[in-house]
Amino acid sequence: MILSMLCVCLSCHAQRQHSGNPIFPGWYADPEAVVFGKKCWVFPTFSAEYDKQLFFDAFSSSDLVKWKKHPRVLTNENVSWAKRAMWAPAVVEKDGRYYLFFSANDVHEGEVGGIGVAVSRKPQGPYKDALGKPLIQQIVNGAQPIDQHVFRDDDGKYYMYYGGWGHCNVVRLADDLLSIVPFDDGTLFKEVTPEKYVEGPFMLKYRGKYYFMWSEGGWGQPDYCVSYAISDSPLGPFRRIGKILEQHPNVATGAGHHSVIRGRGEDEWYIVYHRRPLNETAANSRQTCIDRLYFDDNGYILPVKISFEGVKATKLK
């Protein structure tokens, strides 16, 4: 009896030392993880039918293990033009203000919708629509305006990568992050679509190189996955190297649409992504998870081992 109780206690203690996967309960997808101060914030899609997908919750943690829920940081009540299908938030901080970029309405040519931006003085919101209209609504280069990711380069320039329907564009954001400005050649949109790209772009800079990542396959299918490319420029070209995140027959299916954060160490990296439990087949049955991401000595990303354990407790820089 005593031995049994000891084993239970040790098991509970071990669980507290790891995040476990999923990292918080509920159906959530497309997680945008970002570090503000000494906390990691995750802004995911509420994974539901499009007509019910009308708000964003956020989650924060100081150790990647214990997470606090911040409900309804943005809802369609504060976005007059968003009627359905709000998803894939991307959040950045600039000059003490927090900018939440989001997709809404599953827009098609001639419809109102696309990529919007909301602003708050706090990462937990509440956020309010900054423009009263989409920032990007039109279909350019065949890319549906969804799944935006905002990347700040070392020179202070902000780039936004976005696109569905198998096409990806990049634009430059103005200093106020509320409009787009031309590139040096006068163009506003540049297509940077790599081989097998579907959606979910993400940019990471590591040791002077630009690591561009994206999701492949169908978002509701088991083979959803993440691949990457490396370039010397934020504008590419991006030549596909291979997969870094995918399903595992003993763990989960549909592992994709991710983001990456750095821990305290120079080479301490974490990938936050969604996946589908093995006993679920519904497209919206998606959970947010976290695992370690590693680079090899040559600068290539090693395939991620998706797990039930998640990651160890750690302080953030």
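Structure: see above.
This text gives an overview of the structure that appears in the document. (Residues numbered from 1 in each chain as written. Predicted model: local features only at pLDDT ≥ 70, side-chain atom pairs only at ≥ 80, totals over all residues. Heavy atoms only, no water.)

Now for the overall build of the chain. A tally of regular secondary structure across the chain gives 1 helix and 20 strands. Compactness check: the chain gives a C-alpha radius of gyration of 19 Å against a globular reference of 20 Å for 317 residues, within 12% of the reference. In terms of its C-alpha atoms, the chain occupies a principal-axis envelope of roughly 75 × 45 × 40 Å. Classification of the 317 residues of the chain by burial places 56% in the buried group. Taking the intrachain contacts of the chain between residues at least 6 apart in sequence as the baseline, contacts between residues at least 24 apart amount to 49%. (Helix = DSSP H or I, 4+ residues; strand = E, 2+ residues; numbered from the N terminus. Rg over C-alpha atoms; globule rule 2.2 N^0.38 Å. Buried < 20%, exposed > 50% of the residue type's maximum accessible area, 1.4 Å probe, protein only. Contact = heavy atoms within 4.5 Å.)

Going through the model one piece at a time under the given rule, you end up with 1 cavity of 30 Å³ or more. Approximately 100 Å³ is the volume found for the largest cavity. Along its surface, the largest cavity is lined by 13 residues, and Glu-32, Gln-148, Pro-201, His-257 and His-258 are the ones closest to its centre. Elements represented by at least two residues in the lining of the largest cavity include exactly strand 1 (28-36), strand 5 (87-94), strand 14 (199-206) and strand 18 (252-262). (1 Å grid on protein atoms, 1.4 Å probe; cavity = no way out; pocket = protein on both sides within 12 Å on 5 of 7 lines; lining within 4 Å. Points joined across faces, edges and corners; volume = space filled by probe spheres on them.)

Here we take up the state of the cysteines. Enumeration over the complete set of coordinates arrives at 0 disulfides. With no disulfide of its own, Cys-225 has Cys-168 as its nearest cysteine by sulfur position, at a separation of 16 Å. Residue Cys-289 stays outside any disulfide, its sulfur separated by 14 Å from that of Cys-40, the closest cysteine. (Disulfide = S-S within 2.5 Å.)

Inspection of the entire model under this criterion finds 14 salt bridges. A salt bridge links Lys-94 to Asp-95; the shortest N-O distance between them is 3.2 Å. Counted as one network, the salt bridges with shared partners bring together Asp-57, Lys-69 and Arg-72. (Salt bridge = Lys/Arg side-chain N within 4 Å of Asp/Glu carboxyl O.)

On the secondary structure map, His-258 appears in strand 18. A relative accessible area of 3% places His-258 in the buried class. When sequence neighbours within four positions are dropped, the list of residues in contact with His-258 reads Pro-31, Phe-202, Met-213, Trp-214, Val-226, Ile-271, Val-272 and Tyr-273.

What follows is about the sheet that holds strand 8 (residues 128-129). Taking strand neighbours across the sheet as the criterion, the 4 strands line up as 5-6-7-8 in an open arrangement whose pairing is antiparallel. Taken across any chain shown, the strands that pair with only one partner, and hence form the sheet edges, are strand 5 and strand 8. Of the strand pairs in this sheet, strand 7 (residues 114-120) and strand 8 are connected by 2 bridges, and their pairing is antiparallel. Across the sheet, the residue bridging to Val-119 is Lys-128, located in strand 8. (Pairing = 2+ DSSP bridges.)

The next subject is the layout of surface pockets. Space inside the largest pocket adds up to approximately 880 Å³. As for the largest pocket, its lining consists of 28 residues, of which Val-34, Val-35, Phe-151, Arg-152 and Val-260 are closest to the centre. Listed by contribution, the elements that provide at least two residues to the lining of the largest pocket are strand 1, strand 5, strand 9 (149-152), strand 14 and strand 18. Considering only residue class, the lining of the largest pocket consists of 16 nonpolar, 3 polar and 9 charged. (Nonpolar A, V, L, I, M, F, W, Y, C, P; charged D, E, K, R; others polar.)

Excluding glycine, residues mostly carry a negative phi; peptide bonds, for their part, are mostly trans. Following Gly-125, the chain continues to Pro-126 via a peptide bond in cis, the omega torsion being 5°. Looking at the secondary structure, you find Pro-126 in the loop between strand 7 and strand 8. Phi angles above zero are rare outside glycine, and Leu-64 is one such case at about 70°. By secondary structure assignment, the location of Leu-64 is in the loop between strand 3 (55-61) and strand 4 (68-75).

To continue, consider the packing of aromatic side chains. Tallying each qualifying case throughout the model produces 21 aromatic pairs. Taken together, the aromatic side chains of Phe-24, Tyr-28, Phe-46, Phe-55, Phe-59 and Trp-67 make up a single cluster linked through ring pairs. The ring of Phe-55 carries the charged tip of Arg-72 above its face, separated from the ring centre by 3.5 Å. Geometry around Tyr-270 places Arg-292 over its ring, the cationic atom sitting 5.1 Å from the centre. (Phe/Tyr/Trp six-rings, centres within 6.5 Å; stacked < 30°, edge-to-face > 60°. Lys NZ or Arg CZ within 6 Å of the ring centre and 35° of its normal.)

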